[in-house]
Amino acid sequence: MAGIKETLRGGPARPLAHGQLSRRQLLQSGALLSLLPLAERALAAPIALGAPSLTDGTLQAFADTLIPGRKATRTDLGNEIHPKAIAGAHPEPGAVQADSLLLYHHPLIGFDLVEAAFLADLEARSLLRLGQFIDLPFDKRVAVCVEGLAASNPTNEVWQLAAAVPFAAFLCTATQQNATIDKSSGLQVMGFPGIAPHGYADYSYRRALSSERTSTGSLP
């Protein structure tokens, strides 16, 4: 997606696939927005994962293509990462480290119902590039995703759901409840401190805000 790390930090956006696919286009599709209420409910009932299978590793590789990250062996919650999943295309944490796989398999998300159809299309397009998706170099993974998420693809909506999951895990910290910056990859990249029940002493002007009001209650 379009330079997500730079966009989140307010820097210039660098299209992941030469302008053919952007984070804005995915968000405008409504796929992520429709997933957010379910992601919030998913926080209340986390599930545990075992060692990732090849199928799970492929889902991690897909998530890593959308929000690339650094090489890692464990997620934020301590779950295993398939050794082939992360291409290492970015020096900061990415969607895989943010436990996208955990969210893929959460029953409230419902992705398991379309997983087989999505992976069949993903692998069919990967084989045209002479390999399984998880074995492809990063640039070819990007090409597969651009093709699958294109409006001309009849299964585009399934791909949109598959793409929304990593964004919910990374941008919304959907696999953690009351996340803080020291435990969340997404918060670390975005620079957000996370929850603070009693506020942040370092994030203020070091003075009390005015309690005065105008005669009409509006701002001066």
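This text follows the structure it describes.
Criteria and cut-off values
- Residues numbered from 1 in each chain as written.
- Predicted model: local features only at pLDDT ≥ 70, side-chain atom pairs only at ≥ 80, totals over all residues.
- Heavy atoms only, no water.
- Helix = DSSP H or I, 4+ residues; strand = E, 2+ residues; numbered from the N terminus.
- Buried < 20%, exposed > 50% of the residue type's maximum accessible area, 1.4 Å probe, protein only.
- Areas by Shrake-Rupley, 256 points an atom, 1.4 Å probe, with all protein chains shown as cover.
- Expected span 1.5 Å × (residues − 1).
- Contact = heavy atoms within 4.5 Å.
- Salt bridge = Lys/Arg side-chain N within 4 Å of Asp/Glu carboxyl O.
- Core = buried A, V, L, I, M, F, W, Y, C linked by side-chain atoms within 4.5 Å.
- Lys, Arg positive; Asp, Glu negative; His and termini not counted.
- Phe/Tyr/Trp six-rings, centres within 6.5 Å; stacked < 30°, edge-to-face > 60°.

A. Just the overall build of the protein, in detail. Counting its secondary structure elements, the protein contains nine helices and zero strands. Counted from the first residue to the last, the protein has its helices and strands arranged as α-α-α-α-α-α-α-α-α. Here the protein, with 220 residues, has 45% of them falling under the buried criterion. As presented, the protein carries roughly 11600 Å² of accessible surface, and 56% of it is formed by carbon and sulfur atoms.

B. Focus on the environment of Ile-134. By the element assignment, Ile-134 lies in the loop between α6 (115–127) and α7 (138–148). Residue class for Ile-134 comes out buried when judged on its relative accessible area of 3%. Here the alpha-carbon distance between Ile-134 and Ile-86, two residues 48 residues apart in the chain, equals 8.9 Å.

C. View of helix α8 (residues 156–171). Taking 1.5 Å per residue as the helical rise, α8 with its 16 residues ought to reach 22 Å, and the 22 Å between its terminal C-alpha atoms agrees with that figure. Thr-173, located one to two residues past α8, shows a positive phi value of around 45 degrees.

D. Quick peek at α7. Turning to α7, its buried residues are Arg-141, Val-142, Val-144, Cys-145, Val-146 and Gly-148. In this structure, the buried residues of α7 make contact with α4 (54–66), α6 and α8.

E. Spatial organisation of the pattern of salt bridges. Per the stated rule, a full pass over the model turns up five salt bridges. Across the pair Arg-125 and Asp-121 runs a salt bridge whose closest N-O atoms are separated by 3.0 Å. A residue pair is termed a helical-turn pair when its members lie 3 or 4 positions apart in one helix, as Arg-125 and Asp-121 do in helix α6 at four residues. You can call Arg-125 buried: its relative accessible area is 16%. Arg-125 is the salt-bridge partner of Glu-147, the closest N and O atoms lying 3.0 Å from each other. Of this pair, Glu-147 sits in helix α7 while Arg-125 sits in helix α6, and the two are 22 residues apart along the sequence. Owing to a relative accessible area of 28%, Glu-147 belongs among the partly exposed residues under this scheme. By sharing partners, the salt bridges in this structure join Asp-121, Arg-125, Arg-129 and Glu-147 into a single network.

F. Region of interest: the nonpolar core. With 40 residues, the main nonpolar core has Phe-62, Phe-118, Leu-122 and Phe-133 as its most contacted residues. Where this core is concerned, the elements lending two or more residues are α4, α5 (100–104), α6, α7, α8 and α9 (185–190). Among the elements that take part in this core, α8 stands out by supplying nine residues, more than any other.

G. Quick peek at the side chain of Glu-123. With respect to the helices and strands, Glu-123 occurs in helix α6. One buried charged side chain, Glu-123, makes no salt bridge at all; its nearest oppositely charged neighbour is Arg-141, positioned 9.5 Å away. Those residues in contact with Glu-123 that sit more than four places away from it in its chain are Thr-58, Gln-132 and Phe-133.

H. Spatial organisation of unusual backbone geometry. The backbone phi angle of Leu-130 is positive, close to 70 degrees, even though this residue is not glycine. Summarising the element assignment, Leu-130 is placed in the loop between α6 and α7. Phi at Thr-173 is positive, roughly 45 degrees, even though this residue is not glycine. Along the polypeptide, Thr-173 turns up in the loop between α8 and α9.

I. Local environment of the packing of aromatic side chains. Applying the stated criterion to the full structure yields five aromatic pairs. Their ring planes at 75 degrees and their centres at 5.0 Å tell us that Phe-118 and Trp-159 sit as a pair that is edge-to-face. Of this pair, Phe-118 sits in helix α6 while Trp-159 sits in helix α8, and the two are 41 residues apart along the sequence. Exposure class is identical for Phe-118 and Trp-159. Each is buried. Linked through ring pairs, Phe-62, Tyr-104, Phe-111, Phe-118 and Trp-159 together constitute an aromatic cluster.

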